[in-house]
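Observations on the three-dimensional arrangement
The chain contents come next:
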Amino acid sequence: MYGFKCLLLLIVFNSASSSTIPIAGFFNADKTEQEKVFKLAVENVNNVNQDKIFPEDSLILEPYVEHVLSFDSYNTSRRVCDLAMEGIGGIFGLHSPEAVGITESLCDTMDIPLIKTFWDVSAMPMKSAINLYPDPKILSKALVDVIKDMDWTSYAILYDSDLGLLRLQELLKSHKRAYTTEGHVPFTVWQLEPEGDVRPLLKQIQKTSETRIVLDCATERIIEVLKQAKQVKMLGDYHSYVLTSLDAHTLDYSELQLDTTNITTLRLVNPQRHYVQSTVQDWVFFHKSLLEDKVPITADTLKTDSALTYDAVKVYSEAVQKIRRDTQEDVEVSPLLCSQPQKWLNGSLIIEEIKKLEIDGMSGPIKFDESGQRIFFTIDITELTKNGFRKIGIWDPERGISYTRSGSQMQKEMYQSISNKTFFVVSRLGEPYLKELDKNLEGNARYAGYSMDLIDEIARDLNFDYKFYLAPDGAYGSFNKETKQWNGLIKELRERKADLAICDLTITYERRSAVDFTMPFMNLGVSILYSKPTKQPPDLFSFLLPFSIDVWTYMATAYLGVSLLLYFLARCTPDEWDNPHPCNPDPTELECIFSLQNCLWFSIGSLMAQGCDLLPKALSTRVVAGMWWFFVLIMISSYTANLAAFLTMDRMEATIGSVEDLANQNKIKYGVLKGGSSANFFRDSNVSLYQKIWSQMESARPSVFTKSNDEGVERVLRGKRAYAFFMESTTIEYQKEKYCSLMQVGGLLDSKGYGIAMPFNSPYRIAISGSVLKMQESGRLQQLKDKWWKHSEDKADCPKPDEDAASSSELGIANVGGVFLVLLVGCVAAFFVAILEFLWNVRKVAVEEKISPSEAFFLELRFAIQCYGTTKPVRKPQEESVAEEDLADCPEIEGVEEEEEEDRGFFGDENMEEEYMRLNGFSNNIRAKSTQSYS
């Protein structure tokens, strides 16, 4: 069918007049593909133009191919002038800036259209020039948008020529800040050697731990640079490359075996477009004579220069056809001389018409501005996969980036990249996060702890395997400013020996500038670990504590003062003197009951709230007694109110209550883990209090810094409350559960978190952070913490606070033992006083009765030890008699006789009674005197 159509067109073409315009293509010897495409494009355009119903509308382009050297501007200009003398309708294919400069000047003078297809860096484009290559500033904006959309906060730029640096200038100017939020320089610029070994340069980049590379070099050099990057281990999981060459997708990357490295390219030509594929197929099928089997052209290997050359011919043909239709005249060329200022009249018309065109070509949509620069085009964003490049998005100047895959697809691909991967996880020993079960075991079975359980939960969620190992130096990771090197876990990550680091690793600004962290799986802050104050044994005389020594002294003074005052007033006032014998209406003497002993007894009875059988009668003494009772009421009430609190209060040793208390004393030493985040907190703090603490810790001798948290805990336990340790609050919680004698002092000094660390720019950070977030929302993180903090086998059986409260509410013998002691001392004192009184009475009886002291002693003792009877008869000597009749009228004497009758009943034997009366020696004379006084 196609052959029949071509035959028909050939007959029509031969039988009708047509317009022929010669055009010239200038190509270097190495531009064989571009030269072929130029010829194919001309032939294809001629075929299309001849495929008209009206032959008079046909346009024939006659191609001339010129081979020139890129730097030979002289011969190029001569060939342009020679062609102009013969008549030429347009110049195509020039790529050399040297050759383009002189050619552009000639074409601008003669109004010959110059169609360019390369990156033109000339500041002042000529009016006769049209460039199908995208405008440099707009194309640079596409690269900037891609870098920003990929969230590259820092990267390294590799370029091989000054032209490449010009292409990247918009990217360099896009950064407004000298440092990123993580403290990194946004980009570093490195120039590749023109040829040869680039591995030394790549090793220098590797030392900076930069994993994101923007590579701008010649297309034919990309594979060689990537090969050398793989040799220095810069094509791993954590490395990402953006290739700026628009022909990077045409290369074969299979020999590099890039399974995990993320390589992103930008392309102007989409080989999957139907237009591109059908055009290339037509070339292969119908124009085999122009194509060599040694260098086949396919849609996937079609270079951008070739596609732009094809579009250049098409654009030119469309513009000429438009002019012919509008003017109804043929477009004819005219011979021109370079030596004379002559212009081709149709040249300016063709140029203006091209600027107005908006068509689709092999390089996508085409649109120009007034200066002839291509201002609209589309850029495909592609990603290298196992099956080749895959289009993931598209960019154009008006809409920016539009991704062709959904967020769910991107997430699915991310999880697929993690699935079945084996991660190397570095950690360090430290309970409860990780402990070694048995050194004879191997692999993950050797360890257990919170970190192990956490990474196991994440591994099951994301379906990956892991292998645990310990950091050789056992350090968390700190930066040595002298050696410029990291140690510990951070070093393992930066050297790519480990994929993850998990333990009680604090997220700090300094560490964040070296590695990546997931979202925190545990929030905490710095606090103080200290020993609990030991309970002091209750004071034996704790019942004296409600009042101070001064109050007790004043009370004793008041007691003596009031007693003496009462004694003095009682002797002064007449109302306190009474008749000692009421039966005698005319006594010879009066008696006052408020002797000094009775005043003291009255005061002490009131003080003890027991009262007394002695009461004042005079107004003055009653006033003193009333004031004393008021005083006693207030003092007893105050004493009783405070007594319960002092008896139940546990006396503790003096302790610290805050970080201010710790800093303002010199008795208790305090320290922190050397090189840890807590030490850095004090070292870098701008708060004067924390600066003071840091300076005191640095100047302390011996050193208060420790090599591990366990060493700090041990020093607190052995320090006898002379050492405090700064550490993370979560670790303090665990140590409190493990040792009942430890406590946390004060609140948190800062707020931070533990996170899972990974190499900088890790592609797995989002997935692992998402898994941690799911565990947090489901409460699984809290369950793991409770397992290793509250239900650990190392947990001590500490008494609960309510048990302590219950025990403190009960009074033991230690609390009230002093009261018993006072009672015992009083009873013993009374016993000894009674003995003294007994012995004194024995002596008195022995003297008065003129018997031996031993007889008097045993007689009184025998009577005292009898435990029955409540009366004791009055002892009367036998030689004395009493006139009973004289005493009959006195009631008191009758009472005495009645008591004697009772005493007889008490002894029960008249002989015993007589003996007792004889020994007591009461004489009749004394009895008679007593009777006379009563009468």
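If you're wondering where the values come from, they're calculated on a predicted model, not measured in any experiment. (Residues numbered from 1 in each chain as written. Predicted model: local features only at pLDDT ≥ 70, side-chain atom pairs only at ≥ 80, totals over all residues. Heavy atoms only, no water.)

Turning to the overall build of the protein, a few remarks are in order. Along the backbone of the protein there are 33 helices and 33 strands. The 935 residues of the protein split such that 45% are buried. Sequence-distant contacts, at least 24 apart, represent 70% of the contacts inside the protein between residues at least 6 apart. Accessible area for the protein stands at about 49100 Å²; split by element, carbon and sulfur atoms hold 55% of it. (Helix = DSSP H or I, 4+ residues; strand = E, 2+ residues; numbered from the N terminus. Buried < 20%, exposed > 50% of the residue type's maximum accessible area, 1.4 Å probe, protein only. Contact = heavy atoms within 4.5 Å. Areas by Shrake-Rupley, 256 points an atom, 1.4 Å probe, with all protein chains shown as cover.)

Residues Leu824, Val828, Phe831, Phe832, Ile835 and Leu839 make up a contiguous nonpolar surface patch of about 560 Å² in total accessible area. When you line up the elements, Phe832 lands in helix α28 (residues 813–849). Taking relative accessible area as the criterion, Phe832 reaches 51% and is therefore assigned exposed. (Patch = residues over 30% accessible without salt bridge, like charges linked within 9 Å, V, L, I, M, F, W, Y side chains within 5 Å. Salt bridge = Lys/Arg side-chain N within 4 Å of Asp/Glu carboxyl O.)

Here we take up the state of the cysteines. Evaluation of the coordinates by the stated rule reveals 1 disulfide. Paired by a disulfide, Cys81 and Cys338 hold their sulfur atoms 2.2 Å apart. Residues Cys81 and Cys338 share a disulfide whose torsion about the S-S bond is about -115°; that sign makes it left-handed. Taken together, the residues span a long stretch of sequence, with Cys81 in helix α3 (residues 73–86) and Cys338 in the loop between α11 (304–327) and α12 (345–356) at a distance of 257 residues. Looking at Cys81, the relative accessible area reads 18%, which means it is buried. In this structure Cys599 is a free cysteine whose sulfur lies 7.3 Å from that of Cys592, the closest cysteine sulfur available. (Disulfide = S-S within 2.5 Å.)

To continue, consider the sheet that holds strand β12 (residues 364–368). If you walk across this open sheet you meet the 8 strands as β2-β1-β3-β4-β5-β13-β12-β11, and the pairing is mixed. Single-partner strands in this sheet number two, and they are β2 (59–67) and β11 (358–361). Of the pairings in the sheet, the one linking strand β5 (residues 129–134) to strand β13 (residues 373–376) comprises 2 bridges and is parallel in character. In the sheet register, Pro134 faces β13, and the bridge partner there is Arg374. Packed on one face of the sheet, helix α4 (residues 97–110) meets β3 (91–92), β4 (114–116) and β5 and runs near 145° to β4. Lying over the sheet, α12 contacts β4, β5, β11 and β12, oriented at roughly 25° with respect to β5. (Pairing = 2+ DSSP bridges. Axes fitted to C-alpha atoms, helices over the stretch in contact; angles between N-to-C directions.)

Take the packing of aromatic side chains next. Considering all chains together, one arrives at 36 aromatic pairs under this definition. Summarising the aromatic geometry, the rings of Phe377 and Trp395 are spaced 6.0 Å apart at their centres and angled 40° between planes, so their arrangement reads as tilted. One end of the pair, Phe377, is in the loop between β13 and β14 (379–385); the other, Trp395, is in strand β15 (residues 388–396), and 18 residues separate them in sequence. Pair check on accessibility: Phe377 and Trp395 agree, each one buried. Ring geometry for Tyr450 and Phe521: centres 6.0 Å apart, planes at 35°, overall tilted. You can see Tyr450 sitting in helix α14 (residues 450–462) and its partner Phe521 sitting in the loop between β24 (516–517) and β25 (522–524), a full 71 residues away along the chain. Assessed through its relative accessible area of 1%, Tyr450 is described here as buried. What makes Phe521 buried here is its relative accessible area of 6%. Here the aromatic cluster, defined as three or more aromatic residues joined through ring pairs, consists of Tyr433, Tyr450, Phe521, Tyr734, Tyr754 and Trp789. Above the ring of Trp119, the side-chain terminus of Arg167 is found at 5.6 Å from the ring centroid. (Phe/Tyr/Trp six-rings, centres within 6.5 Å; stacked < 30°, edge-to-face > 60°. Lys NZ or Arg CZ within 6 Å of the ring centre and 35° of its normal.)

Right, let's talk about helix α5 (residues 136–149) for a bit. For α5, with 14 residues, the first-to-last C-alpha span of 20 Å sits near the 20 Å given by 1.5 Å per residue. Extensive coverage of α5 is indicated by the burial of 10 of its 14 residues. Of all the residues in α5, the buried ones are Pro136, Ile138, Leu139, Ser140, Ala142, Leu143, Val144, Asp145, Val146 and Ile147. Of the residues flanking the start of α5, the one acting as N-cap is Asp135, its side-chain oxygen 3.1 Å from the backbone nitrogen of Lys137. The positive-phi residue at the C-terminal boundary of α5 is Asp151, with phi of around 60°. (Expected span 1.5 Å × (residues − 1). Polar contact = N/O pair within 3.5 Å; in protein donor to acceptor, adjacent residues only side chain to side chain.)

If you trace the 8 strands from one edge of the open sheet to the other, you get β7-β6-β8-β9-β10-β14-β15-β16, paired in mixed fashion. Each edge of the sheet is formed by a strand with only one pairing partner; in this case those strands are β7 (187–191) and β16 (400–403). Sheet twist, expressed as the mean angle between neighbouring strand axes with direction ignored, is 25°. Sheet analysis places strand β9 (residues 240–243) next to strand β10 (residues 262–267), joined by 4 bridges and oriented parallel. Across the sheet, the residue bridging to Leu243 is Thr265, located in β10. Packed onto the sheet, helix α8 (residues 199–207) meets β6 (155–159), β7 and β8 (212–216) and runs at close to 170° relative to β7.

Let us now look at the environment of Val526. In this fold, Val526 is placed in strand β26 (residues 526–531). Take Val526: its relative accessible area is 0%, and that puts it in the buried class. Among residues more than four places away in sequence, those in contact with Val526 are Ser678, Phe682, Phe726, Met727, Gly747, Leu748, Leu749, Asp750 and Lys752.

Time to look at the side chain of Asp311. Residue position: Asp311 is located in helix α11. Although Asp311 lies buried, it forms no salt bridge, and the closest oppositely charged side chain, Arg374, sits 4.9 Å away as judged by the N-O distance. Looking at Asp311, its side chain comes within polar contact range of the main-chain nitrogen of Met362, at 2.7 Å. If near-sequence neighbours (up to four positions away) are discounted, Asp311 is found in contact with Leu132, Gly361, Met362, Ser363 and Ile366. (Lys, Arg positive; Asp, Glu negative; His and termini not counted.)

Moving on to the UniProt feature "transmembrane region" (unreviewed entry) in the protein. Listed under "transmembrane region" (unreviewed entry) in the UniProt record, and renumbered for this structure, are residues 551–570, 627–647 and 819–840. From the first C-alpha to the last, residues 551–570 spans 28 Å; its make-up is 100% helix and 0% strand. (UniProt positions renumbered as here; feature names shortened; annotations may be inferred.)

Consecutive side chains of a regular strand alternate in pointing toward one face of the sheet and then the other. In terms of residue burial, β26 counts as a mostly covered element, since 6 of its 6 residues are buried. For β26 and strand β30 (residues 723–728), the ladder comprises 4 bridges, and the chain directions are antiparallel. Pairing of Val526 across the sheet is with Glu728, part of β30. Relative to strand β31 (residues 742–745), β26 is paired through 4 bridges, and the arrangement is antiparallel. Bridge pairing links Leu529 to Gln744 in β31.

With 5 of its 5 residues buried, β8 lies for the most part within the structure. Residues Arg212, Val214 and Asp216 point to one face of β8 and Ile213 and Leu215 to the other, with burial holding for every one of them. Inspection of the sheet shows β8 paired to β9 by 4 bridges, in the parallel sense. The residue bridging Ile213 from the neighbouring strand is Tyr241, located in β9. In the classification by handedness, the crossover that spans β8, the intervening helix α9 (residues 222–231) and the parallel β9 is right-handed. (Right-handed = clockwise from strand over helix to strand, strands pointing away.)

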